[in-house]
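Chain residues, written in single-letter form:
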Amino acid sequence: MRSCLCPRRDRKLIGLFFLIVLVLVVAACGGEDEEDLDLWDISRSPDTPIIIPAGEPIVVGVSTALTGPIGVRGGEYRDAVVAGVERWKAENGSLIKGHEIEVQAEDDGCTETDVTRGAAEQLLGREGLVGVIGPQCSGGSAAVIPIYADAGIVAISGSATRTDLTLTQPEGGFFFRTAYRNDLEGALIASYLVSTHNAQTVYLVFYLDPFGKDLSYIIQ
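The text that follows walks through the structure, step by step, so that each part is easy to find. (Residues numbered from 1 in each chain as written. Predicted model: local features only at pLDDT ≥ 70, side-chain atom pairs only at ≥ 80, totals over all residues. Heavy atoms only, no water.)

1. What to know about the overall build of the protein
Tallying secondary structure elements over the protein gives six helices and five strands in all. Beginning at the N terminus, the succession of helices and strands in the protein can be written as α-β-α-β-α-β-α-β-β-α-α. Expressed as a percentage of contacts within the protein between residues at least 6 apart in sequence, the contacts between residues at least 24 apart total 64%. Of the roughly 11500 Å² of accessible surface on the protein, 55% is carried by carbon and sulfur atoms. (Helix = DSSP H or I, 4+ residues; strand = E, 2+ residues; numbered from the N terminus. Contact = heavy atoms within 4.5 Å. Areas by Shrake-Rupley, 256 points an atom, 1.4 Å probe, with all protein chains shown as cover.)

2. Describing the packing of helix α3 (residues 113-124) against helix α4 (residues 138-151)
Put simply, α3 and α4 touch, their axes get as near as 8 Å, and they point 30° apart. On the basis of their axis angle, the class for α3 and α4 is roughly parallel. Crossing hand, α3 versus α4: right-handed. The residues of α4 that touch α3, namely those facing T113, T116, R117, A120, L123 and L124, are G139, G140, A143, V144, I147, Y148 and A151. A per-class count over the contact of α3 with α4 returns eight nonpolar, four polar and one charged. (Axes fitted to C-alpha atoms, helices over the stretch in contact; angles between N-to-C directions. Parallel < 35°, antiparallel > 145°, perpendicular 65-115°, else oblique. Left-handed = near helix turned anticlockwise from the far one by under 90°. Nonpolar A, V, L, I, M, F, W, Y, C, P; charged D, E, K, R; others polar.)

Bear in mind that shape data such as this cannot, by itself, settle questions of function.
And the structure:
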């Protein structure tokens, strides 16, 4: 994964994610009067409408690292979503069609794929889930993109940059991101080093994870 992020920029991106999720929420609530559906059946698929039972909250999921070496950063992502919800409520009211808005954050372990899968299972098992902000890292995202796609739940990441995540996802395209891709970042870094510093040789130090391998290949 990246060695640094720009916190101010990331908070703005997360605010954008939240607005996108709210659009999905309004669409999801449109079916709450369907009496012929089992409102408490949380089995999910791309063909299953999202129904919010009367009196139950709309749930915005957050998949982010809350423990470990980048737990502080992941906590900031979670807090940004909470702040976005509160700001939206202040401007639009606390309810959407009679439903409260609730944020549920799950620790996804960043690149610990088993933890990321566990976070996805927890979120998908929650009644009222309308979308997920995350996962945080490329390694974890690759493990759960098919899971969210099978469930028909949109996931939007602002920090998973591995190039092929959106290119090789299952048909239907339920995974989105607002972060740059590694191929673009790698090309920009290489161009800068050559044009600005006239570099002939570059030594690259990187993590042996999906992010680092992808980025190093592009720069070479």
